[in-house]
Every structure is written in C-alpha cells, then in structure tokens.
Amino acid sequence: MYQTIVKAVMAHAIETPDKLAVGFKKNRITYSQLCRRMKSMAYLLRESCDVQKGDLVMLSGVSRPDYIVGYLAIQYLGAVSVPIEKAAKIENILDVYEYTQPKTVLADGKILSEEIRVHSLKELYTAAVEKEEMHQEISAVDRNDDEVAEILFTTGTTGKPKGTMLSVGNIYAITHNNRDGVGIQSADCELIPLPLNHSLGLRVLRTLLYVGATVVLQNGFAFIKEIEKNINDFECSGMVIVPASMEMIYRKMQDRFSEVMGKLRYIEVGAGSLGYDMKKKLTKVLPDTHIVNTWGSTETGGVIFLEVSKYPDKFTALGRPISIAKLKVVDSEGKEIQAKDIDTAGRMILQGPMQMAGYYNMPEATSQALIDGWLYTNDIVYMDEDGFVYMMGRADDIINVGGEKVSPIEVENIAQEYDGAVECACIGVDDPQGILGQVPVLYVVPESSGYNEEEFSKFLGGKMERYKLPQKYIIISELPRNRMKKLDRKALYKLWEMRAEEKL
C-alpha cells in the first residue's frame, strides 16, 4: 500500500483521474486536478517561501480546497505541517509561532503581527491553479517512517501549547485504523463539516484521500439546509460529526431527520461519546445506517470503535480497540490490573504504531506520557469480559464520594434518559457538610415544558445508587463547549466557584 497520502493521491490521479476528489459548494476537483495543484503549490512554496524538507510550516484556514492543497503541498516537499485553529486569538497564534519557529505561515486571513511571516494561502492556491504545469519541475521528497510529518495541537483552553509530533509511520497507522474501524471504502463520499486543523477532521480527510474516496467540505454544522443540500447534491454515503452537533441536528431537523440522514451508509461520531439516549434514538430512526462511535486523541488518532447498532447491549461502552492497538489498565503506580468494573477501574495506557513520536521540544512532557513504550492517557476505564472498554472520565473528574468512585459520564448518561432534560453535565464539588469529601452536582439544560426537578430526582433515584445522586441541580441555558463542541468541564468548575463566591 501507499506509504503516504501524497503517494496515494498521485496513484489515484493515474488510476482514477476523473473521479471527484474534493467537493465544496460549486467547486469540483478531480484526482487528476488535485494532484496537479498539489505539485504546483509545492513548487510555489519552494520558490516563494523557500520551504525545504524538514521545515515547519504553519497552516491556518477554513475548510476549503485551498487548505487541502496547501496541506498536501507541504507534505509533498517533505516539510512538517503545523495546522492551527483559524479562529485562534492572536496571542495563541504567537505562542505557537514562538514555540515552533516555522519557516513560514500560510493563512487565508490577516494575522495581526509584524513578527509573523505570512503568505496568502488563497493567492498561492490561485496561482497554483493557473499554473498547474509547474509541478513538472520538482519531484516528491522521499521520507522514512520515523520522520516527523505533522505537529498537531490539542483543543485545550488553558496553559501553553503542546505540539504532538506524528511521524510518517504514525500517520500511516492512524489512517488504516480509521479506515478499518469505520469501514471507509473507495466508493464512499463523505461530508466533513469540521475544522481540518483538528485531529478528527484531519484524520478523516487523510483516510478518504488515501483510499481514493470523495471528500465534501462544509464549514460547520450551523446551517442545517446546507447539510441536506450537500448530502443530496454529492450523494454522500457518509458523514463525520461530533456528539453535540448530532444532538442539534436531530432537534432541528425533527421529522426530516430520518429521511435526510437515512441516505447515509455510515456516520462516524468522534471527539466525544454519544449519550445513551441519543444512541437509542439513532438506532431506532436510522436502522440502515451504521453509527460508529470513535474514541481517539491527538496522540493516537482513532483507536477504540463501537458500531452502535451492532451492539445494543453495549451502549455505555466506548467500544473495542482496533486490532493493532494494545490496551492495558494500570493502577497509580503503573502496575497492570484487572479492571472489570467501576470499583476496580484504572488508568488506560496504549501501545501501537499509531502512538505519537512525542511532544515537540518538550522532553519532560514526552517522558511522562511515553513510558517503556506505552502511551499513558489520563482516562479512567475498565473492561468487560468481551473486551469492551468503559470510560469513567478523566482522572481529575472522577468524583470521590466518601471513598466511593462516581463516574460523571455514567451520571450524565442516565440523566439524559429523562425526557425533560435536553442535556446534562456532572461535576464533583466539595461536600458542604464536610463529611463525604465530594458530592455530585448536575448542570441541566431543561426541555422548555417538560422539566420538573422533583420528578427528575425521583427518576434518577430509581436508576442509580444513592451516593451517585446529584446533591444539587443547576439550570443552565447551554453547556459550555470548546470549538470542537466538546464539553468544557473546566468551565463548569469555574461557574461553580463563581456561584460559591457570590454566596460569601
């Protein structure tokens, strides 16, 4: 098989030159055109920006064809792509710039700093399209599997940036894991309404181009009509989505949801787990669509997969790890344990060719994450007898109620079965009585007419042990989320602290 995405695109340009590679609104780009533009852009990057093998190139832009061509051109030259968030604040951009010291920055908007050397991604792309034959003057740069090809940044909201280095071999493994875990085929046409600087959107893009499928781009989920139009116009067979966006689409489409989304062969859900109630709804209204929930990280790509409709008795599980990934559960001292339930849960560690090469210029952070060939996560999990992994939450989020472990995710999954709650989020706070150490608190986005706190409390009381029950319910109009629509639990803790200060 192809060693890199660049080699895959070059092969598809010969084997299926007229096949649609990228679609965006009225733009249609075949594999032949994509390959020529990639080579032309690479030529321009070398001549205009002096980009050479091993150079770091920051890439900022929205999900459009010029972004994909820019990314591929960087890889073509054997350089290292450093995607950054388009909507990032200037201070965050400067932090990444100072941290990585790139050769140049490709951006489609203004970066307001004289310190940063910026080349217009849009202008370079326009020139590449106009002069596609320039690519004949340079060849693709060869790489070995250990060479770093990308540096990705997590979506964290606090602290200094931490760049995750992915080698050529890492990307190869991540791409194959995503292909096999989701079941992506060359005949597929997948809608990606996600930012391409993030691990999820980027790994789906790489997988589709690798297998010779079709990529359809859309900038976000806000416009429901655009989702329907793209699915119809391009005859999409798949889509990638995050849980919060799935919830939003389900509510906004209402009666049309089954008709529109039922046209898809598969839907990949990543960057979080679907709630228990949503999994039930989807398997009911989309009986012929494969719903695949993926667990992954910037450091590993997608590793754990659950085909929801295939395992209705495993709705609360993350899924099972892909075959090439080894998974163990260890205690606080790093010793392997048999974690079979909540009471025996421990820290998840992973090993396999997909795990990152390390953190860029952060040897201490790297040595803390990579120990004896294993990647240590901060996730607390256990496994059942069938090998399915169950997530309790991040280590810092597990609630210690008088010595009993409470998983905020478990509480949320049960709470979201209540019809009067649109969505919920659980955190642990100090016990005001000073007896239990911590107690659960539940933030609730209520259904406008169906929420009743007394009934809600009684509902939960019949579903979970007493020590897991929330000691307080806080109504909130919407849950705080980051750009990838992941729940921002840190923001909930801050809201609680502000609430406590107001009462002093």
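Before reading on, note that the structure itself is shown above.
A. Local environment of the overall build of the chain. Of regular secondary structure, the chain possesses 15 helices and 26 strands. By principal-axis analysis of the C-alpha atoms, the chain measures approximately 75 × 50 × 45 Å. Within the chain, the fraction of its 504 residues that count as buried is 56%. Contacts spanning at least 24 positions in sequence make up 66% of the contacts within the chain whose residues lie at least 6 apart.

B. Region of interest: the sheet that holds strand β25 (residues 438-446). Taken in spatial order, the 3 strands line up as β24-β25-β26 in an open sheet, and their pairing is mixed. Here the strands that pair on one side only, and so sit at the sheet edges, are β24 (421-430) and β26 (472-475). Taking the axes of each pair of neighbouring strands and ignoring which way they run, one obtains an average angle of 25 degrees across the sheet. Across the face of the sheet, helix α13 (residues 408-415) comes into contact with β24 and β25 while running at roughly 150 degrees to β24.

C. A look at the state of the cysteines. Under the definition given, this model contains 0 disulfides. Free of any disulfide, C236 has its nearest cysteine sulfur in C189, 4.0 Å distant. For C236, a relative accessible area of 3% translates into the label buried.

D. Main features of the side chain of S40. For S40, the position within the fold is in helix α2 (residues 31-49). For S40, a relative accessible area of 0% corresponds to the buried category. Among the polar contacts listed, one links the side chain of S40 to the backbone oxygen of A128, at a separation of 3.0 Å.

E. Quick look at the side chain of H176. Tracing the chain through its elements places H176 in helix α6 (residues 168-182). A distance of 3.5 Å separates a polar atom in the side chain of H176 from a polar atom in the side chain of Y210.

F. Up close: the sheet that holds strand β2 (residues 27-30). The strand order β2-β1-β10-β9-β11-β12-β13-β14-β15 describes an open sheet built from 9 strands, whose pairing is mixed. Taken across any chain shown, the strands that pair with only one partner, and hence form the sheet edges, are β2 and β15 (320-321). Across 4 bridges, the pairing between strand β9 (residues 189-192) and strand β10 (residues 214-217) is parallel. Paired with I192 across the bridge in β10 is L217. Its contacts with the sheet put helix α7 (residues 199-211) on β1 (20-24), β9, β10, β11 (238-241), β12 (266-269), β13 (290-297) and β14 (301-307), and the angle it makes with β9 is roughly 160 degrees.

G. Main features of helix α5 (residues 121-130). Along α5, the residues classified as buried are L121, L124, Y125 and A128. Seen end-on, α5 carries its buried residues on one side only, within an arc spanning 100 degrees. For α5, the exposed residues lying more than 90 degrees away from the buried face are K122, E123 and E130. Against the buried residues of α5 lie β2, α2, β3 (56-60), α3 (65-76), β5 (104-107) and β6 (118-120).

H. Local environment of the nonpolar core. Core analysis: the largest hydrophobic core is formed by 123 residues, its most contacted members being L34, L45, I68, L209 and M261. Broken down by element, the residue count for this core peaks at 10 residues, all from α2. Discounting residues that sit within four places of it in the chain, L45 has contacts with D50, V51, A73, I74, L77, L106 and L124. I399, I414, L460 and M464 belong to the second largest nonpolar core, which has 18 residues in total.

I. Quick peek at the pattern of salt bridges. Counting across every chain of the model gives 21 salt bridges. As a salt-bridge pair, K314 and D386 come within 2.8 Å of each other at their nearest N and O atoms. Note that K314 is positioned in the loop between β14 and β15 and D386 in the loop between β20 (374-383) and β21 (389-394), a separation of 72 residues in sequence. With a closest N to O distance of 3.1 Å, R394 and D379 form a salt bridge. In this pair, R394 sits in strand β21 while D379 sits in strand β20, placing the two residues 15 residues apart along the sequence. Residues participating in the shared-partner salt-bridge network are D50, D55 and K103.

Rules behind the numbers
- Residues numbered from 1 in each chain as written.
- Predicted model: local features only at pLDDT ≥ 70, side-chain atom pairs only at ≥ 80, totals over all residues.
- Heavy atoms only, no water.
- Helix = DSSP H or I, 4+ residues; strand = E, 2+ residues; numbered from the N terminus.
- Buried < 20%, exposed > 50% of the residue type's maximum accessible area, 1.4 Å probe, protein only.
- Contact = heavy atoms within 4.5 Å.
- Pairing = 2+ DSSP bridges.
- Axes fitted to C-alpha atoms, helices over the stretch in contact; angles between N-to-C directions.
- Disulfide = S-S within 2.5 Å.
- Polar contact = N/O pair within 3.5 Å; in protein donor to acceptor, adjacent residues only side chain to side chain.
- Arc of directions from axis to C-beta.
- Core = buried A, V, L, I, M, F, W, Y, C linked by side-chain atoms within 4.5 Å.
- Salt bridge = Lys/Arg side-chain N within 4 Å of Asp/Glu carboxyl O.

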